[in-house]
Amino acid sequence: MRALHHPDLASVDLATLLGALADPVRLSVVRQLAQAGGVVCGKFDALSEVSISTLSHHLKVLRAAGVLRVTPNGSFRRHELRADDINDRFPGILSAIVANLDLPERVGVPA
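Every chain begins its residue count from 1, and numbering advances along the sequence as written. Under the rules for a predicted model, residues below a pLDDT of 70 receive no local features and side-chain atom pairs below 80 are neither given nor counted, while totals for whole chains, interfaces and linings still include all residues. Remark: hydrogens and water are excluded; side-chain values derive from all non-hydrogen atoms of the structure.

1. What about the overall build of the chain?
Helix and strand assignments come from DSSP, with helices taken as H or I runs of at least 4 residues and strands as E runs of at least 2, each series counted from the N terminus. If you tally the helices and strands in the chain, you get five helices and three strands. Along the chain, from the amino end to the carboxyl end, the secondary structure elements read α-α-β-α-β-β-α-α. Restricting to contacts in the chain with at least 6 residues of sequence separation, those with at least 24 account for 64%. Contacts are residue-level and defined by heavy atoms, with any inter-residue pair within 4.5 Å sufficient.

Here's what the structure looks like:
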C-alpha cells in the first residue's frame, strides 16, 4: 500500500480548509470521525448516501486540505481527524464546526 501525502498545515490557508468542509458529505465524514476517533474506509456512514468512488474523492479532498490523516491498518486505511494540528493552525475553527454538527460526544476535538 503506497503512502499518502499529508500537507503541512502551515501551507494550508483558511479558504482551502473551509472549502473542504463546505460539502454535506464531507461534513458527514467529519461528524463520524469526531464521534468515532477513527474509521476504516469501508465503514463510513456516508456510503449509504454516495458510492465508494465518490466517497474516495471526498476523503481525498479532506486529506489534501489537512483535515484528516490516513494511516495503514492491515489491508485497510484508517482515517482520523487532525484535530490537534488544525487547532494549532486555526484555533477553535474545528471545534466550532463540530459543535454545530449536533454530536452527542466529541472525541479528539478540543472543547
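2. Let's talk about helix H3 (residues 52-64)
Helix length check: H3 (13 residues) gives 18 Å between terminal C-alpha atoms against 18 Å at 1.5 Å per residue, within 8%. For each residue, the accessible area found with a 1.4 Å probe, counting protein chains only, is set against the maximum for its type, and the residue is called buried under 20%, exposed over 50%, and partly exposed in between. Taken together, the buried positions of H3 are Leu-55, His-58, Leu-59, Leu-62 and Arg-63. Seen end-on, H3 carries its buried residues on one side only, within an arc spanning 140 degrees. Turned more than 90 degrees from where H3 packs its buried face, Ser-53 and Lys-60 sit exposed. Packing partners of the buried residues in H3 comprise helix H1 (14-20), helix H2 (24-36), strand S2 (68-73) and strand S3 (76-81). By this rule the span expected of a helix is its residue count minus one, scaled by 1.5 Å. Directions from the helix axis toward the C-beta atoms define the arc.

3. Details of the sheet that holds S3
Two strands qualify as a pair provided that DSSP identifies no fewer than 2 bridges between them. Spatially, S1-S3-S2 is the arrangement adopted by the three strands of the open sheet, whose pairing is antiparallel. Looking at the sheet topology across the chains shown, the edges are occupied by strand S1 (39-40) and S2. With two bridges connecting them, S1 and S3 associate as antiparallel partners. Within the sheet, the bridge partner assigned to Val-39 lies in S3 and is His-79. For helices, the axis comes from a line fit to the C-alpha atoms of the stretch in contact; other axes are also lines fit to C-alpha atoms, and the angle between any two N-to-C directions lies between 0 and 180 degrees. Along the sheet, H2 makes contact with S1, S2 and S3, crossing S3 at roughly 90 degrees.

4. A word on the nonpolar core
For soluble globular proteins, nonpolar side chains are generally found buried alongside one another. Core analysis: the largest hydrophobic core is formed by 30 residues, its most contacted members being Val-29, Val-30, Leu-62 and Val-67. At the level of secondary structure, the elements contributing two or more residues to this core comprise H1, H2, H3, S2, helix H4 (83-89) and helix H5 (93-99). Looking at which element gives the most residues to this core, the answer is H2, with five residues. Residue contacts for Val-67: discarding those within four places in its chain leaves Leu-17, Leu-21, Val-30, Leu-62, Glu-80, Leu-81, Arg-82 and Ile-86. We call a set of buried Ala, Val, Leu, Ile, Met, Phe, Trp, Tyr and Cys residues a nonpolar core when their side-chain atoms join them within 4.5 Å.

5. Some details on the pattern of salt bridges
We define a salt bridge as a contact between a side-chain nitrogen of Lys or Arg and a carboxyl oxygen of Asp or Glu at a distance within 4 Å. Applying the stated criterion across every chain yields a total of three salt bridges. A salt bridge links Arg-69 to Asp-85; the shortest N-O distance between them is 3.7 Å. Here Arg-69 is found in strand S2, whereas its partner Asp-85 is found in helix H4, with 16 residues between them in sequence. On the basis of relative accessibility, which here comes to 30%, the residue Asp-85 falls in the partly exposed class.

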